[in-house]
Amino acid sequence: MAKTHVTMKVNGAEVEGLVEPRTLLVHFIRENLQLTGTHVGCETTHCGACTVDLDGMSVKSCTVFAVQANGSEIITVEGMANPDGTLSALQEGFRMMHGLQCGFCTPGMIMRAHRLLQENSSPTEQDIRMGMSGNLCRCTGYQNIVRAIQYAAAKLNNVEFKEAAE
Ligand code: FES
Ligand code: FES
(Lines give C-alpha, C1' and ligand atoms only; values in the text may rest on other atoms or scores of the structure.)
(Ligands and ions follow the chains in the order given, each with its own letter.)
Protein backbone atom coordinates (compact mmCIF):
# COMPACT_ATOMS: atom_id res chain seq x y z
CA MET A 1 0.00 0.00 0.00
CA ALA A 2 1.23 3.50 -0.76
CA LYS A 3 2.98 5.05 2.16
CA THR A 4 2.55 8.56 3.43
CA HIS A 5 5.33 10.74 4.76
CA VAL A 6 4.57 12.03 8.24
CA THR A 7 6.45 14.40 10.49
CA MET A 8 5.81 15.16 14.12
CA LYS A 9 7.57 16.43 17.18
CA VAL A 10 8.11 13.67 19.72
CA ASN A 11 9.62 14.50 23.10
CA GLY A 12 10.88 17.75 21.64
CA ALA A 13 12.60 16.25 18.59
CA GLU A 14 11.37 16.44 15.01
CA VAL A 15 10.83 12.93 13.66
CA GLU A 16 9.58 11.63 10.36
CA GLY A 17 8.62 8.37 8.78
CA LEU A 18 6.78 6.57 6.02
CA VAL A 19 3.56 4.95 7.18
CA GLU A 20 0.64 3.15 5.68
CA PRO A 21 -2.71 4.86 6.20
CA ARG A 22 -3.72 2.00 8.49
CA THR A 23 -0.63 2.23 10.72
CA LEU A 24 -1.68 2.96 14.27
CA LEU A 25 0.13 5.73 16.09
CA VAL A 26 1.15 3.29 18.83
CA HIS A 27 2.91 1.12 16.25
CA PHE A 28 4.61 4.11 14.67
CA ILE A 29 5.86 5.15 18.11
CA ARG A 30 7.02 1.67 19.09
CA GLU A 31 8.27 0.29 15.79
CA ASN A 32 9.44 3.28 13.76
CA LEU A 33 10.66 5.42 16.65
CA GLN A 34 11.70 2.53 18.92
CA LEU A 35 10.03 4.24 21.86
CA THR A 36 8.77 1.06 23.44
CA GLY A 37 7.60 2.50 26.76
CA THR A 38 4.17 2.98 25.22
CA HIS A 39 2.39 -0.36 25.48
CA VAL A 40 -0.51 -2.25 23.95
CA GLY A 41 -2.79 -4.00 26.42
CA CYS A 42 -6.01 -4.42 24.47
CA GLU A 43 -7.66 -4.01 21.12
CA THR A 44 -10.81 -2.32 22.33
CA THR A 45 -9.51 1.09 23.52
CA HIS A 46 -10.09 0.30 27.18
CA CYS A 47 -6.77 -0.21 28.89
CA GLY A 48 -4.94 3.08 28.29
CA ALA A 49 -1.50 1.42 28.33
CA CYS A 50 -0.89 3.19 25.02
CA THR A 51 -1.70 6.68 26.37
CA VAL A 52 0.49 9.50 25.11
CA ASP A 53 0.13 13.25 25.29
CA LEU A 54 -0.85 14.60 21.87
CA ASP A 55 -1.17 18.36 21.40
CA GLY A 56 -2.04 18.79 25.07
CA MET A 57 -4.49 15.91 25.35
CA SER A 58 -4.27 12.42 26.74
CA VAL A 59 -4.80 10.17 23.75
CA LYS A 60 -4.91 6.41 23.42
CA SER A 61 -2.41 5.95 20.64
CA CYS A 62 -3.94 2.60 19.63
CA THR A 63 -6.98 4.52 18.49
CA VAL A 64 -5.28 7.11 16.29
CA PHE A 65 -3.69 6.50 12.93
CA ALA A 66 -0.16 7.78 12.58
CA VAL A 67 -1.27 9.89 9.61
CA GLN A 68 -3.79 11.64 11.87
CA ALA A 69 -0.94 12.70 14.12
CA ASN A 70 0.95 14.29 11.23
CA GLY A 71 2.24 17.68 12.36
CA SER A 72 1.38 17.13 15.99
CA GLU A 73 3.39 17.39 19.16
CA ILE A 74 3.64 14.23 21.22
CA ILE A 75 5.10 13.40 24.59
CA THR A 76 5.74 9.80 25.57
CA VAL A 77 6.99 8.43 28.86
CA GLU A 78 10.54 8.58 27.51
CA GLY A 79 10.18 12.37 27.49
CA MET A 80 9.06 12.65 31.08
CA ALA A 81 12.32 12.70 33.04
CA ASN A 82 13.82 16.10 33.81
CA PRO A 83 16.48 17.36 31.36
CA ASP A 84 19.21 16.53 33.89
CA GLY A 85 18.08 12.91 33.96
CA THR A 86 16.38 13.05 37.35
CA LEU A 87 12.87 11.69 37.63
CA SER A 88 9.87 13.95 37.19
CA ALA A 89 7.60 14.48 40.19
CA LEU A 90 5.21 11.86 38.86
CA GLN A 91 7.87 9.27 38.18
CA GLU A 92 9.26 9.87 41.65
CA GLY A 93 5.77 9.64 43.12
CA PHE A 94 5.12 6.28 41.47
CA ARG A 95 8.36 4.99 42.88
CA MET A 96 7.99 6.45 46.36
CA MET A 97 4.36 5.39 46.77
CA HIS A 98 4.83 1.98 45.12
CA GLY A 99 2.41 2.87 42.34
CA LEU A 100 3.63 0.12 40.04
CA GLN A 101 4.32 -3.57 40.10
CA CYS A 102 4.73 -5.20 36.67
CA GLY A 103 5.11 -1.73 35.16
CA PHE A 104 3.11 -2.45 32.03
CA CYS A 105 0.40 0.13 32.69
CA THR A 106 2.85 2.64 34.17
CA PRO A 107 3.90 4.62 31.08
CA GLY A 108 0.26 5.19 30.16
CA MET A 109 -0.60 5.97 33.77
CA ILE A 110 2.17 8.53 34.02
CA MET A 111 1.25 10.17 30.72
CA ARG A 112 -2.40 10.40 31.74
CA ALA A 113 -1.50 11.68 35.21
CA HIS A 114 0.79 14.26 33.60
CA ARG A 115 -2.14 15.72 31.68
CA LEU A 116 -4.53 15.32 34.61
CA LEU A 117 -2.29 17.52 36.75
CA GLN A 118 -2.25 20.16 34.00
CA GLU A 119 -6.04 20.03 33.92
CA ASN A 120 -6.36 20.13 37.71
CA SER A 121 -3.27 20.91 39.76
CA SER A 122 -4.89 20.01 43.10
CA PRO A 123 -7.17 17.06 42.43
CA THR A 124 -9.12 15.31 45.16
CA GLU A 125 -8.91 11.54 45.45
CA GLN A 126 -12.24 11.38 43.61
CA ASP A 127 -10.89 13.65 40.86
CA ILE A 128 -7.85 11.39 40.50
CA ARG A 129 -9.84 8.18 40.38
CA MET A 130 -12.25 9.66 37.83
CA GLY A 131 -9.47 11.33 35.87
CA MET A 132 -7.52 8.07 35.64
CA SER A 133 -10.50 5.88 34.84
CA GLY A 134 -9.37 5.34 31.25
CA ASN A 135 -6.28 3.52 32.50
CA LEU A 136 -6.48 -0.05 33.74
CA CYS A 137 -4.01 -1.71 36.08
CA ARG A 138 -3.96 -5.41 36.85
CA CYS A 139 -1.46 -5.25 39.70
CA THR A 140 -1.79 -2.38 42.13
CA GLY A 141 -5.48 -2.11 42.98
CA TYR A 142 -5.05 1.60 42.13
CA GLN A 143 -4.68 2.77 45.75
CA ASN A 144 -0.97 3.46 45.47
CA ILE A 145 -1.39 5.04 42.05
CA VAL A 146 -3.72 7.56 43.68
CA ARG A 147 -1.08 8.19 46.35
CA ALA A 148 1.62 8.55 43.69
CA ILE A 149 -0.37 11.25 41.93
CA GLN A 150 -1.12 13.00 45.22
CA TYR A 151 2.60 12.89 46.00
CA ALA A 152 3.42 14.45 42.63
CA ALA A 153 0.71 17.11 42.97
CA ALA A 154 2.05 18.11 46.39
CA LYS A 155 5.60 18.27 45.06
CA LEU A 156 4.59 20.39 42.06
CA ASN A 157 2.52 22.68 44.29
CA ASN A 158 5.38 22.96 46.76
CA VAL A 159 3.28 21.77 49.67
CA GLU A 160 3.92 18.99 52.11
CA PHE A 161 2.55 15.61 51.05
CA LYS A 162 0.19 14.25 53.65
CA GLU A 163 -0.95 10.70 53.24
CA ALA A 164 -4.65 10.25 53.84
CA ALA A 165 -5.37 8.12 56.89
CA GLU A 166 -6.24 4.53 56.02
S1 FES B 1 -3.86 -0.55 23.90
FE2 FES B 1 -5.57 -0.63 25.27
S3 FES B 1 -6.42 1.36 25.07
FE4 FES B 1 -4.78 1.38 23.69
S1 FES C 1 1.54 -2.31 37.50
FE2 FES C 1 1.00 -4.13 36.44
S3 FES C 1 -0.69 -3.49 35.26
FE4 FES C 1 -0.33 -1.80 36.53
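These numbers come from a predicted model, not from an experiment.

**Q** Honestly, the pairing of strand 2 (residues 13–19) in this entry has me stumped. Any pointers?
**A** Consecutive residues of a regular strand have side chains that alternate between opposite faces of the sheet. Two strands pair when backbone bridges link them, and strand 1 (residues 4–10) and strand 2 are joined in this way by seven bridges, in the antiparallel orientation. Looking at strand 2, one finds that H5 is bridged to L18. Connecting strand 1 to the next strand, strand 2, in antiparallel fashion are two residues, including N11 with a positive phi near 50 degrees.

**Q** In this structure, what is going on with the pairing of strand 4 (residues 57–60)? I would like to understand it.
**A** The pairing of strand 3 (residues 51–54) with strand 4 spans four bridges and is classified as antiparallel. Pairing of D53 across the sheet is with S58, part of strand 4. Hairpin remark: strand 3 followed by strand 4, antiparallel, with two residues in the connecting loop; positive phi at D55, about 50 degrees.

**Q** How do you make sense of the sheet that holds strand 3 when you look at a structure like this?
**A** Each strand in a sheet pairs with another by means of backbone hydrogen bonds, the pair being arranged parallel or else antiparallel. Taken in spatial order, the five strands of this open sheet run 2-1-5-3-4, and their pairing is mixed. Each edge of the open sheet carries a strand with a single partner, namely strand 2 and strand 4. For this sheet, the mean inter-axis angle between neighbouring strands, taken without regard to orientation, is 40 degrees. Sheet analysis places strand 3 next to strand 5 (residues 73–75), joined by two bridges and oriented antiparallel. In the sheet register, L54 faces strand 5, and the bridge partner there is I74.

**Q** Where do I start with helix 3 (residues 106–119) in this structure?
**A** In a regular helix each residue adds 1.5 Å, so 14 residues correspond to 20 Å; helix 3 covers 20 Å between its end C-alpha atoms and thus fits that length. Judged by how many residues are buried, helix 3 sits mostly within the fold: twelve of 14 residues are covered. For helix 3, the set of buried residues is T106, P107, G108, M109, I110, M111, R112, A113, H114, R115, L116 and L117. Tucked into the core, helix 3 has its buried residues touching strand 3, strand 4, strand 5, helix 2 (89–96), helix 4 (125–131) and helix 5 (143–156).

**Q** Any chance you could explain the pattern of salt bridges here in plain terms?
**A** If the charged atoms of two oppositely charged side chains come close together, the side chains can form a pair. What the rule picks out here adds up to five salt bridges. Among the salt bridges present, the one from E92 reaches K155, with a minimum N-O distance of 2.9 Å. Placement of the pair is E92 in helix 2 and K155 in helix 5, with a sequence separation of 63 residues. Of the residues examined, K155 reaches a relative accessible area of 43% and is grouped as partly exposed.

About the cut-offs
- Residues numbered from 1 in each chain as written.
- Chains lettered and ligands numbered in written order.
- Predicted model: local features only at pLDDT ≥ 70, side-chain atom pairs only at ≥ 80, totals over all residues.
- Heavy atoms only, no water.
- Pairing = 2+ DSSP bridges.
- Helix = DSSP H or I, 4+ residues; strand = E, 2+ residues; numbered from the N terminus.
- Axes fitted to C-alpha atoms, helices over the stretch in contact; angles between N-to-C directions.
- Expected span 1.5 Å × (residues − 1).
- Buried < 20%, exposed > 50% of the residue type's maximum accessible area, 1.4 Å probe, protein only.
- Contact = heavy atoms within 4.5 Å.
- Salt bridge = Lys/Arg side-chain N within 4 Å of Asp/Glu carboxyl O.

Functional significance is not addressed by these values, which are geometric in nature.
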